[in-house]
Amino acid sequence: MRVGLGYDVHRLAKGEDLVLGGVRIEHSVGLVGHSDADVLLHAIKDALLGAIGAGDIGSHFPDDDPQYRGISSLVLLEQVMNSVLEAGYEVNNLDTIIIAQQPKLAPYISQMQNKIAQSIQVEVGQVNLKATTTEKLGFIGQGEGIAAQAIVSIKER
């Protein structure tokens, strides 16, 4: 068994889409990034790559490469999962947390879990997703950004 840890953060701005866990969420601001800026999927990809000792998403999908401009993080997550499978592993368990003051994410959790489970080829029960606020502290609490953390355990196939 191996484990990997992932973290990502992006700033919020008007005129951007808010995509978390592959789900588009209606909100007055969205995340800024080279791809779709999905902080949750970015953290998951980093956790998976870390678990197989394959670096981070920046080394696989550089933010100055035009082919990744605006790309769905679900597409990239499937590519990372293919690397996990090719390395001889499968996901045992994934635990994640989104840190955001707004919007309330509870209505979207189930949909996110389903998309993530499908992309990493596991049952929904193997994907745990939580959301929390920072009680209005710091840049996240002031509505300037959203962060996510993920930890994954993988096992040999």
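Above this note sits the structure.
Residues numbered from 1 in each chain as written. Predicted model: local features only at pLDDT ≥ 70, side-chain atom pairs only at ≥ 80, totals over all residues. Heavy atoms only, no water.

**Here's the deal with the pairing of strand β1 (residues 2-13)**
Turning to step 1, where the next piece is worked out: Note that β1 and strand β7 (residues 145-156) share ten bridges and pair antiparallel. Bridge pairing links Tyr7 to Gln149 in β7.
Turning to step 2, where the next piece is worked out: Here two bridges tie β1 to strand β4 (residues 30-31), and the two strands are oriented antiparallel to one another. Within β4, the position partnered with Ala13 by the bridge is Gly30. (Pairing = 2+ DSSP bridges. Helix = DSSP H or I, 4+ residues; strand = E, 2+ residues; numbered from the N terminus.)

**Section: the environment of Gln101**
Turning to step 1, where the next piece is worked out: Relative to the assigned elements, Gln101 resides in the loop between β5 (89-99) and α4 (109-120).
Turning to step 2, where the next piece is worked out: Considered as a pair, Gln101 and Ala131 are 30 residues apart in the sequence and their alpha carbons are 9.4 Å apart.
Turning to step 3, where the next piece is worked out: Excluding residues that lie within four positions of it along the chain, Gln101 makes contacts with Thr133, Thr134, Glu135, Lys136, Ile140 and Gly141.
Turning to step 4, where the next piece is worked out: Engagement of the side chain of Gln101 in a polar contact is seen with the backbone nitrogen of Thr134, the distance being 3.5 Å. (Contact = heavy atoms within 4.5 Å. Polar contact = N/O pair within 3.5 Å; in protein donor to acceptor, adjacent residues only side chain to side chain.)

**With respect to the packing of helix α1 (residues 39-51) against α4**
Turning to step 1, where the next piece is worked out: Between α1 and α4, the shortest axis-to-axis distance is 12 Å and the interhelical angle comes to 30°. In this structure, α1 meets α4 at a crossing whose hand is right-handed. Contact residues: α1 offers Leu40, Leu41, Ile44 and Leu48, while α4 offers Met112, Ile116 and Ile120.
Turning to step 2, where the next piece is worked out: Taken together, the residues of the contact of α1 with α4 sort by class into seven nonpolar, no polar and no charged. (Axes fitted to C-alpha atoms, helices over the stretch in contact; angles between N-to-C directions. Left-handed = near helix turned anticlockwise from the far one by under 90°. Nonpolar A, V, L, I, M, F, W, Y, C, P; charged D, E, K, R; others polar.)

**Some words on the packing of aromatic side chains**
Turning to step 1, where the next piece is worked out: This structure, assessed with the given rule, holds one aromatic pair.
Turning to step 2, where the next piece is worked out: The interplanar angle of 85° and the centroid separation of 5.3 Å between the aromatic rings of Phe61 and Tyr68 together place this pair among those described as edge-to-face.
Turning to step 3, where the next piece is worked out: Tyr68 sits in the buried class, given a relative accessible area of 11%. (Phe/Tyr/Trp six-rings, centres within 6.5 Å; stacked < 30°, edge-to-face > 60°. Buried < 20%, exposed > 50% of the residue type's maximum accessible area, 1.4 Å probe, protein only.)

**Let's talk about the side chain of Asp46**
Turning to step 1, where the next piece is worked out: Looking at the element boundaries, Asp46 is found in helix α1.
Turning to step 2, where the next piece is worked out: Dropping the residues within four chain positions of it, Asp46 is found in contact with Leu5, Gly6, Tyr7, Asp56 and Ile57.

**Points about the sheet that holds β4**
Turning to step 1, where the next piece is worked out: Read from one edge to the other, the open sheet built from five strands follows the order β4-β1-β7-β5-β6, with strand pairing classed as mixed. The outermost strands of the open sheet, each flanked by one partner alone, are β4 and β6 (127-132).
Turning to step 2, where the next piece is worked out: Running over the sheet, α1 touches β1, β4, β5, β6 and β7 and is turned about 155° from β1.
Turning to step 3, where the next piece is worked out: Of the strands in this sheet, β5 and β6 are in contact with α4, which crosses β6 at around 140°.

**Structural notes on helix α3 (residues 73-86)**
Turning to step 1, where the next piece is worked out: Spanning 14 residues, α3 covers 20 Å between terminal C-alpha atoms, matching the ideal 20 Å at 1.5 Å per step.
Turning to step 2, where the next piece is worked out: Considered for burial, the residues of α3 that qualify are Ser73, Leu74, Leu76, Leu77, Val80, Met81, Val84 and Leu85.
Turning to step 3, where the next piece is worked out: Where α3 starts, the residue carrying a side-chain oxygen 3.1 Å from the main-chain nitrogen of Leu74 turns out to be Ser72. (Expected span 1.5 Å × (residues − 1).)

**Considerations on α4**
Turning to step 1, where the next piece is worked out: Look at α4: 16 Å from first C-alpha to last across twelve residues, which is about the 16 Å you get at 1.5 Å a residue.
Turning to step 2, where the next piece is worked out: Looking at the buried residues of α4, the elements they touch are β2 (18-20), β3 (23-25), α1, α3, β5 and β6.
Turning to step 3, where the next piece is worked out: Positive phi shows up at Gln121, right after α4, with a value of about 60°.

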